[in-house]
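Take a look at the letters that make up each chain.
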Amino acid sequence: MTGEQTQPAAAHDADDAPVIVRLAAVHKAYKDVVAVDHVDLDVRQGEFFTLLGPSGSGKTTSLRLIAGFEKPDRGVVELNGVDVTGLPPYDRDINTVFQDYALFPHMTVAENIAYGLQAKGVGRDETKTRVAEALRMVRLADYGDRSPAQLSGGQRQRVGLARAIVNRPKVLLLDEPLGALDLKLRQEMQSELKRIQAEVGITFIYVTHDQEEALTMSDRIAIFNLGRIVQTGTPVQVYEEPADDFVAGFVGTSNILNRDGKRLILRPEKIRIVAEGQSIGEAGLHVEAGRLVEAVYVGQFTRYLVALADGTEIVAVRQNLDRSTGRFREAPGTKVQVAWRPDSLFELRRFEPR
Ligand code: ADP
Ligand code: MG
């Protein structure tokens, strides 16, 4: 372990936790569009579980089936081991945070958060305590008296979150909640959400099409394509051992090498690149000759497109550790050597489109 990758799964022993949400052979079509195609899914208590996939792959529909806003054509939805397929949303111990966290504009932040508790008949004192607690948790302790119009986008999103967690649901569903925020704020909110989830211990089921967001936040990820789950695993598993071409291409950048009738995936950061004749500086590596097609300086790293002897083009990245060392002429056509550890290769199954 290098210590670079935090291991959220170790924070709680999710492997032993009971299954809290289960989809069993769930199918949902809108006329002739199959939105969710025979999906099986187990989410364990306390997990930060992410549904990741491209637009239209069935993530939102799956979430709506869990929440009870949609009924499956076939299959079963279970909550805590109980079949809830026929139950309406308000009879499920689940809350949803949407991207357009529609706050009531004429109410203060605190009133917005209290609204659900009042509707449920929770007493005044307890409501006050729980609202204060929720505000503290989303780091808006001093904002209770403001109106939503006086908040930034990120703050409004946190109020939306506070409004959901104040109900202390067993499961919180979040559908691309950070999609409307700019990059910097989105990254801040990713850490915030992760922290809040760990603190409240509520199971989060999180939808995103952003692979980096999924990798950084999740205990486990289910990857959707064409209404199906193609792989479920920890961030490390889906990145290092993608189940098929689709996952390899969707989660991160992949080079695919065809060798000995096998299809092998090799991630750009596993490749060393040096000028022809230069020492790789490490023993036991597989070395090949190539020519630079392109070099793109990205700041933290430089990205190289290299043509190998057999014509395969691969992407390699190199961290810009120092300003001068290891530099070589980056003009197209420059002869280089690329090298990798044999165990960096991972054999891919073929993707079978239906
Ligand atoms: P995602 O959230 O992954 O982008 P969705 O679950 O929203 O995907 O949609 C999956 C598929 O189902 C898409 O092809 C979408 O157009 C279709 N779909 C979703 N909701 C409806 C609906 N209410 N009526 C018709 N088609 C829908
Ligand atoms: Mg969606």
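Residues numbered from 1 in each chain as written. Chains lettered and ligands numbered in written order. Predicted model: local features only at pLDDT ≥ 70, side-chain atom pairs only at ≥ 80, totals over all residues. Heavy atoms only, no water.

(A) Examining the pattern of salt bridges more closely. In total, this model carries 21 salt bridges according to the counting rule given. Here E199 and R195 are joined by a salt bridge, their closest N and O atoms 3.4 Å apart. Of the two residues, E199 and R195 are both situated in helix α5 (residues 183-200); the distance of 4 residues between them amounts to about one turn of the helix. Its relative accessible area of 38% is what places E199 among the partly exposed residues. For R195, a relative accessible area of 24% gives the class partly exposed. Across the salt bridge formed by K270 and E269, the nearest N and O atoms sit 4.0 Å from each other. Judged by relative accessible area, K270 falls into the buried class, the value being 18%. The exposure class of E269 is partly exposed, given its relative accessible area of 38%. (Salt bridge = Lys/Arg side-chain N within 4 Å of Asp/Glu carboxyl O. Helix = DSSP H or I, 4+ residues; strand = E, 2+ residues; numbered from the N terminus. Buried < 20%, exposed > 50% of the residue type's maximum accessible area, 1.4 Å probe, protein only.)

(B) Expanded view of the site of ligand 1. In the region of ligand 1, the neighbouring residues are Y30, V33, A35, P54, S55, G56, S57, G58, K59, T60 and T61. At 2.6 Å from an oxygen atom of ligand 1 is found a main-chain nitrogen or oxygen belonging to G56. Between ligand 1 and T60, the relevant distance is 2.8 Å, taken from an oxygen atom to a side-chain nitrogen or oxygen of the residue. Contact with the protein chains removes 60% of the 560 Å² of surface that ligand 1 exposes when unbound. Of all the elements in the fold, those that place two or more residues in the shell around ligand 1 are β2 (33-44) and α1 (59-67). Of all the elements, α1 adds the most residues to the shell around ligand 1, at 3 residues. When the residues that make up the shell around ligand 1 are grouped by side-chain class, the tally is 4 nonpolar, 6 polar and 1 charged. (Near = heavy atom within 4 Å. Polar contact = N/O pair within 3.5 Å; in protein donor to acceptor, adjacent residues only side chain to side chain. Areas by Shrake-Rupley, 256 points an atom, 1.4 Å probe, with all protein chains shown as cover. Nonpolar A, V, L, I, M, F, W, Y, C, P; charged D, E, K, R; others polar.)

(C) Molecular detail of the packing of helix α4 (residues 153-165) against α5. Two elements in contact, α4 and α5, have axes whose closest approach is 11 Å; the angle formed by their N-to-C orientations is 20°. Between α4 and α5, the angle is such that the two are roughly parallel. In this structure, α4 crosses over α5, and the sense of that crossing is right-handed. Touching G154, Q157, R158, L161 and I165 of α4 are L185, M189, E192, L193, I196 and V200, all from α5. In terms of residue class, the contact of α4 with α5 is made up of 7 nonpolar, 2 polar and 2 charged. (Axes fitted to C-alpha atoms, helices over the stretch in contact; angles between N-to-C directions. Parallel < 35°, antiparallel > 145°, perpendicular 65-115°, else oblique. Left-handed = near helix turned anticlockwise from the far one by under 90°. Contact = heavy atoms within 4.5 Å.)

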